[in-house]
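So the chains spell out like this:
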Amino acid sequence: MRRPYRAQPTRETGPRINNLIRSDDVQLIDSEGHNHGDVPTSQALEMAAELGLDLVEISPNAKPPVCKIMDYGRYKYQAQKKAAEARKKQKVIDVKEVKMRPNIDTHDYEVKMRGANRFLDDGDKVKFTLRFRGREMAHQNLGMELLRKVKAELTPRTKVELEPKLEGRQMIMILAPK
């Protein structure tokens, strides 16, 4: 016999409020921040209702739990705004890739370096990839010299995160802004 599917009960995130507080007694802090000590939960709920505010469980692990009388909607809104502000200030560092060949021409090299400088100015890491084709694998020293030249040119403003190394038919080096 097959049992019917029963979804897990949804669990509220955040602090418990008003009638969801399970403790008999709570340590009460009123809306002005004054501590009233241990108070029965029913009395704390009445005090909150008189003021038209909510009873919010601040520290559920304390004995007895600490509850504060406040406007829960406003509290939640301010927490949301604070989280959005923190996300806005956060800088996401991308890894931009610059692909080259071992026998790159001087003008092409200069164009690639301008792009790499622009990426570094934006605060992103730059991954230099040198792809060897066919018989170029016999001249890996040319690729190593090219990456050393790139490294020497960008050393004053970058730090080497990954030294040039060969992976299959590609030589890779990663630079990060200082």
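These numbers were taken from a predicted model, which means no experiment stands behind them. (Residues numbered from 1 in each chain as written. Predicted model: local features only at pLDDT ≥ 70, side-chain atom pairs only at ≥ 80, totals over all residues. Heavy atoms only, no water.)

### Structural notes on the packing of helix α3 (residues 106-121) against helix α4 (residues 140-154)
Next, step 1: Axis separation between α3 and α4 bottoms out at 12 Å; the angle between their running directions is 45°. By the angle between their directions, the pair α3 and α4 is classed as oblique. Of the two elements, α3 crosses α4, and the hand of that crossing is right-handed. Contacts between α3 and α4 involve Tyr109, Met113, Asn117 and Leu120 on the former and, on the latter, Leu146, Lys149, Val150, Glu153 and Leu154.
Next, step 2: Here the contact of α3 with α4 is composed, by residue class, of six nonpolar, one polar and two charged. (Axes fitted to C-alpha atoms, helices over the stretch in contact; angles between N-to-C directions. Helix = DSSP H or I, 4+ residues; strand = E, 2+ residues; numbered from the N terminus. Parallel < 35°, antiparallel > 145°, perpendicular 65-115°, else oblique. Left-handed = near helix turned anticlockwise from the far one by under 90°. Contact = heavy atoms within 4.5 Å. Nonpolar A, V, L, I, M, F, W, Y, C, P; charged D, E, K, R; others polar.)

### Overview of α3
An α-helix turns once every 3.6 residues. As a result, residues three or four positions apart point the same way.
Next, step 1: Look at α3: 22 Å from first C-alpha to last across 16 residues, which is about the 22 Å you get at 1.5 Å a residue.
Next, step 2: Within the sequence span of α3, burial applies to Tyr109, Met113, Gly115, Ala116, Phe119 and Leu120. Around the axis of α3, the buried residues are gathered within 160° of arc, so they sit on the same side. Opposite the buried face of α3, at more than 90 degrees from it, the exposed residues are Arg114 and Asp121.
Next, step 3: In the core, the buried residues of α3 are packed alongside β5 (95-100), β6 (125-131), α4, β7 (158-167) and β8 (170-177).
Next, step 4: Positive backbone phi, approximately 90°, marks Gly123, located one or two places after α3. (Expected span 1.5 Å × (residues − 1). Buried < 20%, exposed > 50% of the residue type's maximum accessible area, 1.4 Å probe, protein only. Arc of directions from axis to C-beta.)

### Let's talk about the UniProt feature "domain: Translation initiation factor 3 N-terminal" (unreviewed entry) in the protein chain
Next, step 1: According to UniProt, the positions carrying the feature "domain: Translation initiation factor 3 N-terminal" (unreviewed entry) are residues 17-86.
Next, step 2: For residues 17-86, helix accounts for 37% and strand for 31%, while the C-alpha atoms at its two ends are 26 Å apart. (UniProt positions renumbered as here; feature names shortened; annotations may be inferred.)

### Thoughts on the packing of aromatic side chains
Next, step 1: Scanning the model with the defined rule gives one aromatic pair in all.
Next, step 2: Both rings, one in Tyr72 and one in Tyr75, keep their centres 6.1 Å apart while their planes meet at 35°; by these two values the pair is tilted. Taken together, the residues span about one helical turn, with Tyr72 and Tyr75 both in helix α2 (residues 72-89) at a distance of three residues.
Next, step 3: Using a relative accessible area of 13% as the deciding quantity, one classes Tyr72 as buried.
Next, step 4: Its end group placed over the ring of Tyr109, Lys149 keeps NZ or CZ at 4.3 Å from the ring centre. (Phe/Tyr/Trp six-rings, centres within 6.5 Å; stacked < 30°, edge-to-face > 60°. Lys NZ or Arg CZ within 6 Å of the ring centre and 35° of its normal.)

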